[in-house]
Structures are given as structure tokens and as C-alpha cells.
Amino acid sequence: MKLGDLFIKLGLKSEEFERGIDKTKGALNGLGAVAKTIGGVIVAAFSVRAIVNFFTTSVQLANEQIAVENRLAAAVKANGKDVESTMQKYRRFASEMQKTTTVGDEMTLSLIQLAESMRSKAPMEAAKMAIGLSKALGMDLQTATRAATLAQNGNFMALSRYIPAVRSATTEAEKLAAVQHTVASGMQIANDEIKTMPGRIQQMKNAWGDFQEVVGSVIATNETLLNSLTDLTTAIQMLTTKNFGITSFLAFLSGGKSWAADKKRFEEFLAQEKNQV
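Parameters at a glance
- Residues numbered from 1 in each chain as written.
- Predicted model: local features only at pLDDT ≥ 70, side-chain atom pairs only at ≥ 80, totals over all residues.
- Heavy atoms only, no water.
- Helix = DSSP H or I, 4+ residues; strand = E, 2+ residues; numbered from the N terminus.
- Contact = heavy atoms within 4.5 Å.
- Core = buried A, V, L, I, M, F, W, Y, C linked by side-chain atoms within 4.5 Å.
- Buried < 20%, exposed > 50% of the residue type's maximum accessible area, 1.4 Å probe, protein only.
- Phe/Tyr/Trp six-rings, centres within 6.5 Å; stacked < 30°, edge-to-face > 60°.
- Polar contact = N/O pair within 3.5 Å; in protein donor to acceptor, adjacent residues only side chain to side chain.

Peer 1: Just checking my understanding: could you explain the overall build of the chain for this structure?
Peer 2: Scanning the chain from terminus to terminus reveals 14 helices and 0 strands. If you list the helices and strands of the chain from N to C, you get α-α-α-α-α-α-α-α-α-α-α-α-α-α. Pairs at least 24 residues apart make up 62% of the contacts formed inside the chain by residues separated by at least 6 positions.

Peer 1: Is there a simple way to think about the nonpolar core in this case?
Peer 2: Most often, soluble globular proteins keep nonpolar side chains buried together rather than apart. Of all hydrophobic cores here, the largest spans 33 residues; its most connected members are Leu72, Ile131, Leu133, Leu159 and Val179. Broken down by secondary-structure element, the contributors of at least two residues to this core are α3 (31-78), α4 (83-100), α5 (105-117), α6 (123-137), α7 (141-152), α8 (157-160) and α10 (172-193). Setting aside its immediate chain neighbours within four residues, Leu159 contacts Leu133, Met139, Ala147, Ala151 and Val179.

Peer 1: Explanation requested: the environment of Lys81 in the structure shown.
Peer 2: Within the secondary structure, Lys81 is located in the loop between α3 and α4. Setting aside anything within four residues of it in sequence, one finds Lys81 in contact with Val76, Thr86, Tyr90, Glu116 and Pro123.

Peer 1: Even after reading the chapter, I still don't get the packing of aromatic side chains, so can you show me in this structure?
Peer 2: Given two aromatic rings, their pairing is described by the distance between the two centres and the angle made by the two planes. Counted according to the given criterion, the structure contains 1 aromatic pair. A centroid spacing of 5.1 Å and a plane angle of 35 degrees characterise the contact between Trp208 and Phe211, whose relative ring orientation is tilted. Here the residue Trp208 and the residue Phe211 both occupy positions in helix α11 (residues 197-221), the gap between them amounting to 3 residues, near one helical turn. Looking at Trp208, the relative accessible area reads 45%, which means it is partly exposed. Overall, Phe211 belongs to the partly exposed group, its relative accessible area being 42%.

Peer 1: How should the side chain of Ser160 be read in this particular structure?
Peer 2: For Ser160, the location among the structural elements is in helix α8. There is a polar contact of 2.5 Å between the side chain of Ser160 and the backbone oxygen of Met157. Dropping the residues within four chain positions of it, Ser160 is found in contact with Val166 and Arg167.

Don't take any of this as a statement about function, it's just geometry.
Spelled out as C-alpha cells, the structure:
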């Protein structure tokens, strides 16, 4: 695939590409203009790197989301529940937690999976309790989920190390009330957190992560996009192979004359690409 065709596939109109080539050729006149052109090439290189990194990260995030959901679905199935309807319910709950806290939906699903694996009586409630406990007590979410699931089954030993009121309680009802009070306090902290600038930034990051997961999922299953990425890789390799004398350009800045030949080859290359668009 020609480089010009690739630019068109990536959304650049041919006339825009043509103007860009003419502008680049004109900018090659004079030392200052050459430096500006090389600067533009470097900026373009970093732009390509940003695109490649975005696609790579998107596919990775999509794969991680799939892995989390697969583990959760396996736990749901092992506990004898209907996988499709239960997973839909869990996804809705995780999405709601992401809207009302700074905890991403993928993390919430992983907490539910842990609770399911521990045969929690109410996995979603265990996950919510874990979020509240983590905010109120500074516990990590996995530890909090384990402690919450044990508490659901009447085992308050883990939480008694964190909550004095649980230690001093004499009945199970009193211990549960102390835990619920702490969870409510933590959820209030979580709800207030999203009203702050750091909290809003985290929610934005979570939303951006969701967007990348969608993009990654599309890329991983779309043959046309996969081919476009292959074409982009080929174009980058071609430009690298052409080797338009960055070393000689730097020597030219130092007073040498070797850049002249590479400058001519670069102009010829641009002209060729313009004709192929």
C-alpha cells in the first residue's frame, strides 16, 4: 500500500496531503526552513507513536475486560446461576458504581468475582461493602471484599481488627450494625470524592478506559482495521528504510555539506508520493 493511500484511509483528503507535500518541499529551502521541516517530521513521528500506543493500550484493556468477565462468568456458572441474566445484572451494578464512586466498573466486576468465588450470599452487596470499607478504613479492595463476604456469613474476625465497635459488640446483630455504619460512612466518602477535582479526573480516566476498551474490542474483531494497522506498520518501516539522512542533516548544521544529497532524495520521495495519491 502506498503511503498516500494509507493517509487517505486514515482520514486525510488527497488534496490536504498534496498541500502538505508542497508545503514540506517549500520548507526545505534554507537552513532555518530545513530545521523546521525536521521538527515537523519529529512531531509527526511522535503523533504516529501516540496513535500506535493508543491502539495497543485499547486492545490490552479490551483483553483485560474480557478476562475479568470470563472469570466472573465461570464463578457464576460454578455457583449454579444463570450466566447471561446474572452477568447483565452485574454489569449494570458495576456501571452504577463507576458513576457514583471513583471505582472503575472492571474493578467492581473483579470484586464481585471474588465474592462469588467465596460463595457470598449477596456478591453485589459484598462489593459495595468492600468499596465503603476501603474508603472508611484505607483497606485495599480485595482484602475488604474478603472481610465483607466473611461478615455476611457471620464471621467478623477480620473486621474486628479494623473496627473497634465490632470488637466491643456482644451479639452478631451489634457487630453487623457496626460494620454497616462503617460501610455507610465509607460510601459517603466515596460519593463526596467524585465532587472533587481529583475524583472527577479519576472518573474521566475510568470513562476514557471504557472508551478504549470499546475501541480495542472493535480493532480485535475488525479485519479492515487490522489490515490498516498492518499498512501503517509497513509505512513506518518504509520510511525507516528510506533513511533520509538525519545524521547528515545534523552534520550540515555543524557546517558540513552532506545533507544536500539527502535533501534531494527527500524531495524526490515527496514528489513520488504526491503523484501516487
